[in-house]
Structure formats: C-alpha cells, structure tokens
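Results of the structural survey
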Amino acid sequence: PFVIDPHMSSEKKVYFQNDRINILCVGKYEERKNQLMLLEICSKLISKYNLHITLVGEMSTSYHQQHYEKIQKFIEEHDMCDMVECYTNQKPDSMSVFYEKADMFVLPSTGEFASVSQLEAMSYSLPVIVSDTNGTSCYVESGQNGYVFRDNDVDDMMDKLSKILADRDIIVEMGRHSYQLVNQKYSFLNYKTAIEKIINTSFS
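Residues numbered from 1 in each chain as written. Predicted model: local features only at pLDDT ≥ 70, side-chain atom pairs only at ≥ 80, totals over all residues. Heavy atoms only, no water.

Observations regarding the overall build of the protein
If you tally the helices and strands in the protein, you get seven helices and six strands. Put simply, the protein runs from its N terminus to its C terminus through helices and strands in the order β-α-β-α-β-α-β-α-β-β-α-α-α. By its C-alpha atoms, the protein is 65 × 40 × 30 Å across when sized along the principal axes. Contacts in the protein between residues at least 24 apart in sequence constitute 70% of all its contacts with a sequence separation of at least 6. (Helix = DSSP H or I, 4+ residues; strand = E, 2+ residues; numbered from the N terminus. Contact = heavy atoms within 4.5 Å.)

As structure tokens, then:
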C-alpha cells in the first residue's frame with residue numbers, strides 16, 4: 001500500500017485563488033494520460049465555470065514532445081491560453097506549490113497501473129477524480145472525497161467533474177474528507193502502528 005504524510009488541512013488551505021476553480025493534472029506528456037480529454041471537457045465547461053487548469057508532466061522523449069505540441073495546439077485553437085498553464089520536468093520538491101494552489105485534482109489517464117499522485121493530492125485537501133482502470137482508484141471514496149469515472153468515457157468524466165464544480169462548498173468538503181482519509185488510513189504513522197500491532201499479536 002501507498003502511504004503519505006498529511007501536508008495541508010482544509011482549514012489552512014486557501015481555496016479558489018483569483019476567484020477561480022483551479023484544476024491540477026499531473027502526468028507524463030503522453031497520449032495515455034488523456035490530458036487532451038480533460039482539456040476538451042473543460043473547453044465545454046468554461047462558459048459555466050471560471051476554471052484554471054494546470055498540467056504538470058515529464059517531457060523527456062520525442063514522443064512526449066509531440067504530445068505536448070498537440071496539447072499546445074489544442075489550447076491555442078480553443079482560445080484557452082489564459083486558462084491553461086503547462087509545466088514540464090518539475091523536481092519532486094517543487095510539486096508542493098502546485099498542490100497548494102489547486103482546488104481539485106484530476107487524473108484522466110487510462111490503464112494507470114498504480115498512481116500515487118492522487119494520494120499526494122488528498123494530503124493537500126483536494127477532491128480527486130480518477131478512472132476506474134487506475135490501480136489505486138480504491139483511495140477514492142466516490143461521492144465523499146471525489147469520483148471514479150468510466151475509463152476513456154468523456155461523458156462520464158464530464159458528469160463527475162460537473163458534480164464537483166457545481167458547488168464550491170462541495171469542493172471544500174470533499175477536500176476536507178480527503179485530508180481526513182490520509183490522517184486516518186494512509187499516513188505512515190497509521191501504517192506503522194498497524195504493522196506493529198500485527199507483529200505484537202503474532203508473537204504474543
């Protein structure tokens with residue numbers, strides 16, 4: 001199991017900076033990560049919600065470069081330059097800034113073996129949305145701290161995203177629940193305590 005330390009409670013977090021709902025997506029710039037699907041959905045929602053999307057990902061191969069260029073082209077063609085920011089090859093110790101500024105986390109990728117990024121997002125009090133082929137989607141309690149959508153299903157992902165965007169209070173409440181889950185189930189301290197209990201029981 002993945003474990004992570006809690007980083008920022010909802011009480012300390014500043015939501016909706018610049019009066020926008022700030023969406024964070026973290027993943028390599030490759031087709032499987034479905035960043036274009038996220039942007040397509042957001043392009044249909046911008047008339048209803050004040051959104052800002054931040055994409056953060058690795059770009060270390062020519063394939064990554066090609067997909068990154070497709071993303072840039074989509075952004076320009078859909079007049080989204082003011083609402084989308086793309087970052088590449090960020091160091092791990094710089095990621096906290098992105099999580100702190102975000103209001104929700106979306107990982108639209110297909111066939112995700114086991115992502116830890118949604119757990120990182122939860123530790124910063126963010127609601128999370130992931131696909132049902134994500135091997136660690138079990139960290140998401142649907143309707144409580146986010147949603148799990150049908151893999152590669154644009155309509156279902158838009159439906160799940162809209163449910164959270166519909167009410168800013170929902171975003172804060174789901175973010176609070178994410179942080180509580182990390183504290184209660186997924187922190188290193190809880191994992192360590194559980195292992196010690198098993199060991200002590202086995203040898204007592």
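Observations concerning the nonpolar core
Leu 38, Leu 39, Leu 51, Ile 53, Leu 55, Met 104 and Leu 161 are the most contacted members of the largest nonpolar core, which totals 37 residues. With six residues, the top contributor of residues to this core is helix H1 (residues 35-45). Once you skip the residues sitting within four places of it in the chain, Ile 53 turns out to touch Ile 23, Leu 38, Leu 39, Cys 42, Met 83, Val 84 and Glu 85. Within the second largest apolar cluster, 23 residues are counted, among which are Met 8, Leu 107, Met 122 and Val 140. (Core = buried A, V, L, I, M, F, W, Y, C linked by side-chain atoms within 4.5 Å. Buried < 20%, exposed > 50% of the residue type's maximum accessible area, 1.4 Å probe, protein only.)

Examining the packing of aromatic side chains
If you walk through the whole model with that rule in mind, you get six aromatic pairs. Arranged with centres 4.9 Å apart and planes meeting at 65°, the rings of Tyr 87 and Phe 98 form a pair that is edge-to-face. A residue pair is termed long-range when its members are at least 10 positions apart, and Tyr 87 in strand E3 (residues 84-88) and Phe 98 in helix H3 (residues 95-101) qualify at eleven residues. A relative accessible area of 28% means that Tyr 87 is categorised as partly exposed. Centroid distance Tyr 99 to Tyr 124: 5.3 Å. Interplanar angle 10°. Geometry classified as stacked. Of the two residues, Tyr 99 sits in helix H3 while Tyr 124 sits in the loop between helix H4 (117-122) and strand E5 (128-131), which places them 25 residues apart along the sequence. Residues Tyr 99 and Tyr 124 agree in their burial class; the two are buried. Here the aromatic cluster, defined as three or more aromatic residues joined through ring pairs, consists of Tyr 99, Phe 105 and Tyr 124. If you follow Lys 13 out to its NZ or CZ, it ends over the ring of Tyr 15, 5.6 Å from the centre. In this structure, Arg 168 is placed above the aromatic ring of Phe 16, and the distance from its NZ or CZ to the ring centre is 4.8 Å. (Phe/Tyr/Trp six-rings, centres within 6.5 Å; stacked < 30°, edge-to-face > 60°. Lys NZ or Arg CZ within 6 Å of the ring centre and 35° of its normal.)

Here we look at helix H6 (residues 168-186)
Given a rise of 1.5 Å per residue, 19 residues ought to cover 27 Å, and the 26 Å separating the end C-alpha atoms of H6 matches this to within 8%. The residue sitting at the N-terminus of H6 and contributing the capping side-chain oxygen is Asp 167; that oxygen lies 2.8 Å from the backbone nitrogen of Asp 169. (Expected span 1.5 Å × (residues − 1). Polar contact = N/O pair within 3.5 Å; in protein donor to acceptor, adjacent residues only side chain to side chain.)

So, the pattern of salt bridges
For the coordinates displayed, the defined rule picks out 13 salt bridges. Each of Glu 30, Arg 32, Lys 33 and Glu 112 takes part in a single network of salt bridges with overlapping partners. (Salt bridge = Lys/Arg side-chain N within 4 Å of Asp/Glu carboxyl O.)

Some details on the sheet that holds E3
Across the sheet, six strands lie side by side as E3-E2-E1-E4-E5-E6; this open sheet has parallel pairing. Of all strands in the sheet, those with a lone pairing partner are E3 and strand E6 (146-149), marking the two edges. The mean angle between the axes of side-by-side strands here comes to 20°, regardless of whether they run parallel or antiparallel. With five bridges joining them, strand E2 (residues 51-57) and E3 adopt parallel strand pairing. Bridge pairing in E3 links Gly 57 to Thr 88. Here helix H2 (residues 62-77) sits on the sheet in contact with E2 and E3, set at roughly 165° to E3. (Pairing = 2+ DSSP bridges. Axes fitted to C-alpha atoms, helices over the stretch in contact; angles between N-to-C directions.)

A word on unusual backbone geometry
Residues other than glycine predominantly adopt negative phi, and peptide bonds predominantly adopt the trans conformation. With a phi close to 60°, Asp 19 is a non-glycine residue in the positive phi region. With a relative accessible area of 51%, Asp 19 lands in the exposed category. Its identity is not glycine, yet Asn 34 carries a phi of approximately 60°, on the positive side. With respect to the helices and strands, Asn 34 occurs in the loop between strand E1 (21-26) and H1.

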